[in-house]
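Descriptive analysis of the structure
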Amino acid sequence: MFLALLLSGLVVALVVIGLFVFGLRRRLIQRAGGTFDCSLRWDVPEEPDVSGKGWVYGVARYSGDQVAWFRVFSYAPRPRRVLERSAIEVLDRRMPEGEEELALLSDAVIQGCMHRGTRLELAMSEDALTGFLAWLEAAPPGQRVNVA
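Values in this document were obtained by computation on a predicted structure and should not be read as measured data.

Strand order in this open sheet of 4 strands is E1-E3-E4-E5, and the pairing throughout is antiparallel. Sheet topology places strand E1 (35-37) and strand E5 (81-84) at the edges, where each strand pairs with a single neighbour. Put simply, the sheet's adjacent strands are angled 20 degrees from each other on average, direction ignored. When strand E4 (residues 66-71) meets E5, the two strands line up antiparallel, connected through 4 bridges. For valine 67, the partnering residue across the bridge sits in E5 and is leucine 83. Against the sheet, helix H1 (residues 2-31) contacts E1, strand E3 (58-63) and E4, and its axis sits at roughly 25 degrees relative to E3. In the packing of helix H3 (residues 126-137) onto the sheet, the strands contacted are E1, E3, E4 and E5, and the crossing angle to E3 comes to about 30 degrees.

Pasting the structure below:
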């Protein structure tokens, strides 16, 4: 009986510590400012796939001429993807369809992009998308930016 209580207490403590670390990591990512909720789908086919597969929920952070993208459900301190402003080409914008509506946040807008030859899609709120496009257009003089 004592062993069962001890193991139950240990499991509960590990779950609480795990949740605390998730929260602490997110707080550290957001501490620098310039963050927004952003789901990512990497290496997508040319025609839209509305099955909802491949979307990963994350947080993106502006950092100079880069956007660092972090997975939400990860303990990794480093970003999973880094997108350079000069390498991003904006393609198309669309609303979620079919099962995508369940896979993404309720107010998400999907922005298709190319980054160094890889097609990707970013899903974020309308306000975050406006900020993202303004950040792209605000490139320093001499940088090539492809915003449609």
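Alright, that's what it looks like, and here's the rest.
Here the focus is the sheet that holds strand E6 (residues 88-94). Here 4 strands make up an open sheet; going across it, the order is E2-E8-E7-E6 and the pairing antiparallel. Here the strands that pair on one side only, and so sit at the sheet edges, are strand E2 (39-42) and E6. Averaged over all pairs of adjacent strands, the angle between their axes in this sheet comes to 25 degrees, without regard to strand direction.

The rules behind these values
- Here the residue numbering is sequential within each chain, running from 1 through the sequence in written order.
- Note on the predicted model: pLDDT of at least 70 is required for a residue's local features to be given, and 80 or more for side-chain atom pairs to be given and counted; whole-chain, interface and lining totals, by contrast, use all residues.
- The side-chain values count all of the structure's non-hydrogen atoms but skip hydrogen atoms and water molecules.
- Criterion used throughout: strands pair if DSSP finds at least two bridges between them.
- Starting at the N terminus, helices and strands are each numbered in turn, a helix being any DSSP run of H or I of at least four residues and a strand any DSSP run of E of at least two.
- Fitting a line to C-alpha atoms yields each axis, with helices limited to the stretch in contact; the angle taken between N-to-C directions then spans 0 to 180 degrees.
- Should any heavy atoms of two residues lie within 4.5 Å, those residues are considered in contact.

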